Amino acid sequence: MSENREFTADMPLMIGIRNITGEARHWHNRIELFLVLSGDLTIIVETETYHLMEDDIILINSNQVHEIVSSDNVTVVLQINYSYFKKWMDETSFFHCNSTTFHNKSKYTELKRMIAQLIYANYNDTEHNELLTISLAYQIILELIKNYKGPEQSLMNKNTKHLQRLRAILQYLNSNYMENITLEQIAEKEFLSPSYFSHFFKVNMGVSFFNYLTGIRMNHAVNDLLNTNLTMEQIAANNGFANSRYFVDCFKRKYGVLPKQYRKEHKQEVKNRSANSLSSDYYKGYLVMEHIDYLNKLGEYLDTKKLRSPVNNKKSIPCLAIEISSNMVKKHLKHTFKTFTGVGRAKEILMSRIQTELTMLQKEIGFKYIKFHGLLDDSMMLYNEDRSGNPYLTYHYVDEVFDFLLSIGLKPLVQFSFMPRALAQNPNNTIFYNPSILSEPNNMEHWEFLITELTKHFIERYGITEVRSWLFTFWNAPYQPYVFSFDSDESTYELYKSTWKCVKECDSQLRFGLPSYGPFFMESEDYFEFIRRTLREQCPPDFYNYHCYPVNTSDVTEMIILGDNSSKFASFDKMTLSEDPNYMAHMIANLKERLSEYPKLPIYITEWASSSSHRDWLNDTCYRSAYIVKNILENYDEVGSFGNWCLSDTMEEIPYDNEMFHGELGLFTYHGIKKPAYYAFYFLNKLMDTLIDSGKGYFITTNQKGDYAILLYNYIHISPMYCQGILFNVTFLERYNAFVSSDPCSFEFTLTDVANGKYVLTEQVVNREHGSAFDEWVRMGALPLTTQEEIENLKGRSMPLVTKSVKKVTDNYMNYFAELQPHEIRLILIHKQVN
């Protein structure tokens, strides 16, 4: 067929990244380029067959008949409207561009570089991408004319009348392939003799009429074979084959195996790929965001630093000039970001390195509550049954955990999770590498015994006054369709009600909140019906409990840049990051609106991060620290807590990684080295209790005694491609290529009504040059640290930059200027000296 998706009047090309599974013989009245990023591609052009491997490129000229045969590839497809460039070329222009026939692959480097720039421009310059696209289209045409134009080929001399006739015939065959079509019928339809029509078709299409029609039928049959459970008889009948035996014979001649064997082998390949992936069903797609790295092949042709340089289409960044009176008081601050911190699971709190990190965290910042999972896991050796099946509890590990937490000033959120094996109805339903059991109890009386006796033990050991200051809840995100859910929301509710009742019967003043609820299904009415039911049935919560991860589920395989410069991704389910840089603010506003009709209770975000993925490389970078500062400052005290998830890279939810900077969520690495995210909280903790003013990139506070604390940030959101998990020139070491821009920003403050006198200014800076362990490790050579001395050296080299100066105020105002690098956070402490 003639495959012609129309161009728009002002856009000379269309480009897409596709998995091409096969296309019957067709032609275009346009130029088409294929660049294979991964896998292989077989293209039959006229009468010649070419096998393209990774990094091969081929050009199909206008009106060249071609066929594509492939099963597994990712390919850039670029179509160019020659009429847009009619001053230099026309429909008869012919180009020789085929890397499979030319041994010197470097000949094609410049053309590949332009294609890479074309995709980069469309996804990383939101203001001028249309102009850049047209500019690059002209560069590509110039490159083709200078280095690839050749003499016209005789096979191209199909006249317009023949092309129109062929187009009508092929459209009919592709629309009616499932019917009983014969050569004689089509010849009669075209007012030709059968012999002339057979010759005409073979000469112009390069394949016989019979083979072409069988090829169309076979392509559709293979799709049915792999994507349905239809029988051979049904597939044959649905796709125009006379009977199943004939279909099987045709299939074997083309593919060399029987259809049933082909189906079995290809479905097994899919199953194996799933089983071997960290984001497979085992991890429920919840813990790891799948990265698609086929675009890194294009990234090899890009000089990203040059693309981002100020001389390359970069607009100047204006200075944000702000004049603020020091007497202004916007509000008094509660610092609710310090309400919660988090550790993966209870057993991890017994590890010496976790205790060291928690102790340091409390000393330098100081949180009130800590969240952790797995209090009831078998790893805590809490729940047991004797030979007669009678339950009993042993508290050794539980006491060690709670004694330690209280000793460093942390109060627990007692989350009753997960299910002990002896009490599990389905002990084989687990999650995490070091498994936790997701199951309803096999005996409700024993479950109630566990909850009641454990709560009584807390009261007896720590005293009723202390335990009343704790928080209690049930499970982790147990609602359908979350990965931690039970078989039904009815089961979840009954377990919540039973657990609530057990705790409240121990002491009615103990505070018991809703199970946590996440961002994926914020509009779910089932969740709010859950709240209404707790109110109707007299088991109301004492607080609301939420997660805030800026993630979505999305379909991704094919990226298409359409002629109108819009784009789309399509084809398979995966977890992706939100493209909304203000996701948290929008989530909080939505949440408050939805909760306005319910009892006014504390809203605790007990888990949040820039991603829920435990293997997102940006977790180790300055991006994460800027993300934390931006979101807390722009939503300061809007909810009762912002519980960062989580403390350490020492987590047992997925297998450990040998790389120190492997993208885990922690504030500390395996070796206890502070990441930039740690310093985000360290800086936030230096803010004072009265807000003077705030805006995009700044937050100014005072103690109303002549001292000030200012926190600045330059947050840059990740690119749309990275949000989709597509790595374009993003590698393990080159992580900052994941951003739309790399612009610095500058601030100039004039603080008026300041008391005259001398002030000491202390500035602390975290950016890629200071306070970033990952960037420092890269500068050290990016090799494994093999001794404690090397680890301590990296710790020392990864501290924030600290500078001090004295500023004298004589006219009751103070000026301050700062230029922040991308992802930089900067703390300015201004202390008035006493005369």
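Secondary structure summary: the protein chain contains 23 helices and 36 strands in total. Looking at the protein chain residue by residue over its 835 residues, the buried ones come to 56%. The long-range fraction of contacts in the protein chain, counting pairs at least 24 apart against all pairs at least 6 apart in sequence, stands at 76%. With an accessible surface of roughly 35,500 Å², the protein chain has 49% of that area assigned to carbon and sulfur atoms.

Judged by nonpolar contacts, the single largest core of 146 residues is most densely connected at L358, F402, F458 and F472. Ranked by size, the runner-up nonpolar core spans 42 residues in total, among them L33, L35, Y120 and Y294.

This next bit is on the packing of helix α16 (residues 489-506) against helix α17 (residues 525-536). Taken N-terminus to C-terminus, the directions of α16 and α17 make an angle of 35°; their axes are 11 Å apart at the nearest point. Handedness of the crossing formed by α16 with α17: right-handed. The segment α16 lies against α17, with D489, E490, T492, Y493, E494 and Y496 engaging D526, F530, R533 and T534. Counted by class, the contact of α16 with α17 contains three nonpolar, two polar and five charged residues.

Most of strand β27 (residues 603-608) is tucked away, with six of its six residues classed as buried. One ladder, built from five bridges, connects strand β22 (residues 544-548) with β27; its direction is parallel. Of the residues in β27, the one forming a bridge with N545 is Y604. Alignment of β27 against strand β28 (residues 641-644), held across three bridges, turns out to be parallel. Bridge pairing in β28 places Y604 opposite S641. Traced from β27 through helix α19 (residues 622-634) to β28, the parallel crossover comes out right-handed.

Turning to the pattern of salt bridges, a few remarks are in order. Taken as a whole and judged by the stated rule, the model has 34 salt bridges. Of the charged contacts, one joins E792 and K795 as a salt bridge, the two residues approaching to 3.4 Å between their closest N and O atoms. Of this pair, E792 and K795 both sit in helix α23 (residues 788-797), three residues apart, which is roughly one turn of the helix. Residue class for E792 comes out partly exposed when judged on its relative accessible area of 40%.

Bringing the sheet that holds β28 into the picture now. With parallel pairing, three strands are arranged side by side in an open sheet as β22-β27-β28. Each edge of the open sheet is held by one strand with a lone partner, namely β22 and β28. Neighbour-to-neighbour, the strand axes of this sheet turn through a mean angle of 25°, independent of strand direction. Helix α18 (residues 583-595) rests against β22, β27 and β28 of the sheet, and its axis sits at about 155° to β22.

The next subject is unusual backbone geometry. Of the consecutive residues S417 and F418, the connecting peptide bond is found in the cis state with omega at -10°. Here W645 and C646 are connected by a cis peptide whose omega angle stands at 0°. With respect to the helices and strands, C646 occurs in the loop between β28 and α20 (676-684). Of note, N812 is a non-glycine position whose phi angle comes to about 65°, a positive value. Turning to its location among the elements, N812 is positioned in the loop between β34 (801-809) and β35 (813-820). Owing to a relative accessible area of 36%, N812 belongs among the partly exposed residues under this scheme.

We now examine the confidence of the model for the protein chain. The predicted model of the protein chain has a mean per-residue pLDDT of 87, with 89% of residues at 70 or higher. Every residue in residues 270-284 is under pLDDT 50, and counting partners more than four places away or in other chains gives 21 contacts. Segment residues 309-315 is flagged for pLDDT under 50; beyond a separation of four residues in sequence, or across chains, it makes nine contacts in the model.

Here we come to the sheet that holds strand β20 (residues 471-474). One open sheet holds the five strands; their spatial order is β13-β14-β17-β20-β21, and the pairing between them is parallel. Single-partner strands in this sheet number two, and they are β13 (340-345) and β21 (511-512). Sheet analysis places strand β17 (residues 411-416) next to β20, joined by four bridges and oriented parallel. Following the sheet pairing, L413 is matched in β20 by L471. Each of β17 and β20 is contacted by helix α14 (residues 444-462), which is oriented at about 170° to β17, the strand it contacts most.

The next point concerns the packing of aromatic side chains. A complete count under the given rule lists 67 aromatic pairs for this structure. Taken together, a centroid distance of 5.0 Å and an interplanar angle of 40° make the contact between Y656 and Y670 tilted. In this pair, Y656 is assigned in the loop between β28 and α20 and Y670 in the loop between β28 and α20, connecting sequence segments 14 residues apart. Relative accessible area serves as the criterion here: at 11%, Y670 is assigned to the buried category. One aromatic cluster is present, built from ring pairs that chain together Y479, Y493, Y496, F512, Y517, Y527, F528, F530, Y546 and Y598.

Considering the arrangement of structural elements, one finds F402 in helix α13 (residues 396-407). Linking F402 and F458, residues 56 residues apart in sequence, is a C-alpha distance of 9.1 Å.

With that out of the way, let us pick up the packing of α14 against α16. Running from N to C, α14 and α16 cross one another at 35°; their axes reach a closest spacing of 9 Å. As for how α14 packs across α16, the hand of that crossing is right-handed. Within the contact between the two elements, α14 uses M444, W447, E448, I451, T452, T455, K456 and I459 and α16 uses L495, S498, T499, C502, V503 and C506.

Looking at where T492 falls in the secondary structure, it is placed in helix α16. Overall, the relative accessible area of 1% leaves T492 in the buried class. Setting aside anything within four residues of it in sequence, one finds T492 in contact with F474, P478, F486 and F530.

Tracing the backbone through its elements, the reader meets L230 in the loop between α6 (209-227) and α7 (232-238). The residues contacting L230, other than those within four sequence positions of it, are D224, I235, N238 and R263.

All right, on to the state of the cysteines then. Applying the stated criterion across every chain yields a total of zero disulfides. For C506, which is in no disulfide, the shortest distance to another cysteine sulfur is to C502 and amounts to 7.3 Å.

As for its position among the elements, S135 is in helix α2 (residues 129-147). In sequence terms S135 and L118 are 17 residues apart; their C-alpha atoms lie 9.2 Å from each other.

The next subject is the pairing of strand β6 (residues 57-60). Of the two faces of β6, the one lined by I57 and L59 and the one lined by I58 and I60 are each fully buried. Two elements, strand β3 (residues 31-39) and β6, share four bridges in a ladder whose sense is antiparallel. Considered in β6, the bridge of F34 is made with I58.

Cut-offs used in this document
- Residues numbered from 1 in each chain as written.
- Predicted model: local features only at pLDDT ≥ 70, side-chain atom pairs only at ≥ 80, totals over all residues.
- Heavy atoms only, no water.
- Helix = DSSP H or I, 4+ residues; strand = E, 2+ residues; numbered from the N terminus.
- Buried < 20%, exposed > 50% of the residue type's maximum accessible area, 1.4 Å probe, protein only.
- Contact = heavy atoms within 4.5 Å.
- Areas by Shrake-Rupley, 256 points an atom, 1.4 Å probe, with all protein chains shown as cover.
- Core = buried A, V, L, I, M, F, W, Y, C linked by side-chain atoms within 4.5 Å.
- Axes fitted to C-alpha atoms, helices over the stretch in contact; angles between N-to-C directions.
- Left-handed = near helix turned anticlockwise from the far one by under 90°.
- Nonpolar A, V, L, I, M, F, W, Y, C, P; charged D, E, K, R; others polar.
- Pairing = 2+ DSSP bridges.
- Right-handed = clockwise from strand over helix to strand, strands pointing away.
- Salt bridge = Lys/Arg side-chain N within 4 Å of Asp/Glu carboxyl O.
- pLDDT = per-residue confidence, 0-100.
- Phe/Tyr/Trp six-rings, centres within 6.5 Å; stacked < 30°, edge-to-face > 60°.
- Disulfide = S-S within 2.5 Å.

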